[in-house]
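Below are the chains, spelled out letter by letter.
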Amino acid sequence: MHISVQTEDFDVAGVTRALCEKRTDIGAVVTFSGLVRDRSSVQNLLALELEHYPGMTETALASIAHKAFSEWDIDDLAIIHRVGHLKPADNIVLVVVISAHRKQAFEACEFLMDYLKTKAPFWKKEITVDGESWVEARLSDLKAGERWQDRLSRENKSEK
Amino acid sequence: MAHLLYFASLRENLNSDQEQLDLPQNISQVSELKDFLAQRGGRWSDAFQAKSRLLVAVNQQMANEQSAIRNEDEIAFFPPVTGG
């Protein structure tokens, strides 16, 4: 398991290669990488400023990762989130999940991203020519996180 | 002493990122600490008013209004998260 909160860029291929190194049991690699867009809630974004809670962020990401390991049959994963000053087209977040089979890896990857967006202490500030403003949490992101919560608790109940 | 931390828009609104606070005897849960901070008035009462959507973590674990707090805890307040 590789978890990192960093200012430096990451290399998607390199991270994937490291996860799969010396393994012959992996049939599926699912990668999500998020980039900074120049239009989201504002137009003509110049930069994003990413703040986090050092210490808690790493703990929260590890706990989300452990949850994924306990719910899906996956073999390893990486979560990398950048912080600091980012420009349009920069990498911002990377989640890689490797598994014997694709369904497990797809679902775990989606879960990790949805959970990360609502449970890990990161905050984005958007900088435009007109000034700067903090990004508001989106209801659709909260709902996506809650959907997993409902589904996982339902499945765990039915297994008992 | 409790270690209080403030992040993102809250940090900017309060113009403070952290402080050491000797918790008064009558404060044993998060909601009581929020009321105490709100009583400082001005930007503090705006930030910690009852209907504010602040999240709280106690010792780096997500917590809620009813969570117990003690004088040696690290208690962080912040707005809803927006990573990813």
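Below is a short write-up of the structure. The structure presented is a predicted model; accordingly, all values stated were derived computationally and were not measured. Within each chain, residue numbers correspond to sequence positions counted from 1 in written order. For naming, the first written chain is A and the first written ligand is 1, with later ones following in the order written. Confidence filtering applies because this is a predicted model: local features only for residues at pLDDT of at least 70, side-chain atom pairs given and counted only at 80 or more, and all residues used for totals across whole chains, interfaces and linings.

### Quick look at the overall build of chain B
Every helix listed is a DSSP run of H or I at least four residues long, and every strand listed is a run of E at least two residues long, numbered separately from the N terminus. Check the secondary structure of chain B and you find three helices and five strands. For chain B, the α and β elements follow one another from N to C terminus as β-α-β-α-α-β-β-β. Just to be clear, the radius of gyration here is over C-alpha atoms, and the globule rule we use is 2.2 Å times residues to the power 0.38. For chain B, whose C-alpha radius of gyration is 12 Å, the value lies close to the compact-globule estimate of 12 Å for 84 residues. Oriented by its inertia axes, the alpha-carbon framework of chain B measures out at about 35 × 30 × 20 Å.

### What to know about the packing of helix H3 (residues 102–119) of chain A against helix H4 (residues 139–159) of chain A
All names here are of chain A. For helices, the fitted line uses only the C-alpha atoms of the stretch in contact; every axis is such a line through C-alpha atoms, and the angle between N-to-C directions lies from 0 to 180 degrees. Between H3 and H4, the shortest axis-to-axis distance is 8 Å and the interhelical angle comes to 120 degrees. As summarised for this structure, H3 and H4 are arranged oblique, according to the angle between their axes. Relative to H4, the crossing made by H3 is left-handed. Of the residues in H4, those in contact with Phe111, Asp114, Tyr115, Lys117, Thr118 and Lys119 of H3 are Asp141, Leu142, Ala144, Gly145 and Trp148. In these notes the angle categories are as follows: under 35 degrees is roughly parallel, over 145 is roughly antiparallel, 65 to 115 is roughly perpendicular, and the rest is oblique. Definitions for this section: a left-handed crossing has its near helix turned counterclockwise from the far helix by less than a right angle. A right-handed crossing has that turn clockwise. The contact criterion used is a C-beta to C-beta distance within 7 Å, with each C-beta placed from the backbone.

### Some points on the sheet that holds strand S2 (residues 18–21) of chain B
Residues and elements named next belong to chain B. With mixed pairing, the five strands of this open sheet are ordered in space as S2-S1-S5-S3-S4. The open sheet has two free edges, formed respectively by S2 and strand S4 (61–63), since each of these has just one partner strand. Going from strand to strand, the sheet's axes swing by 25 degrees on average, the running direction of each strand aside. Pairing between two strands requires that DSSP report at least two bridges joining them.

### Some details on unusual backbone geometry
Its identity as a non-glycine residue notwithstanding, Asn59 of chain B has a phi of 50 degrees, on the positive side. Its location among the elements puts Asn59 of chain B in the loop between strand S3 (55–58) and S4.

### Some points on the pairing of S3 of chain B
All names here are of chain B. Pairing geometry for S3 and strand S5 (residues 74–78), over four bridges, is antiparallel. Looking at S5, one finds that Val58 is bridged to Ile75. Connecting S3 to the antiparallel partner S4 that follows it, the hairpin turn spans two residues, and Asn59 within it adopts a positive phi of roughly 50 degrees.

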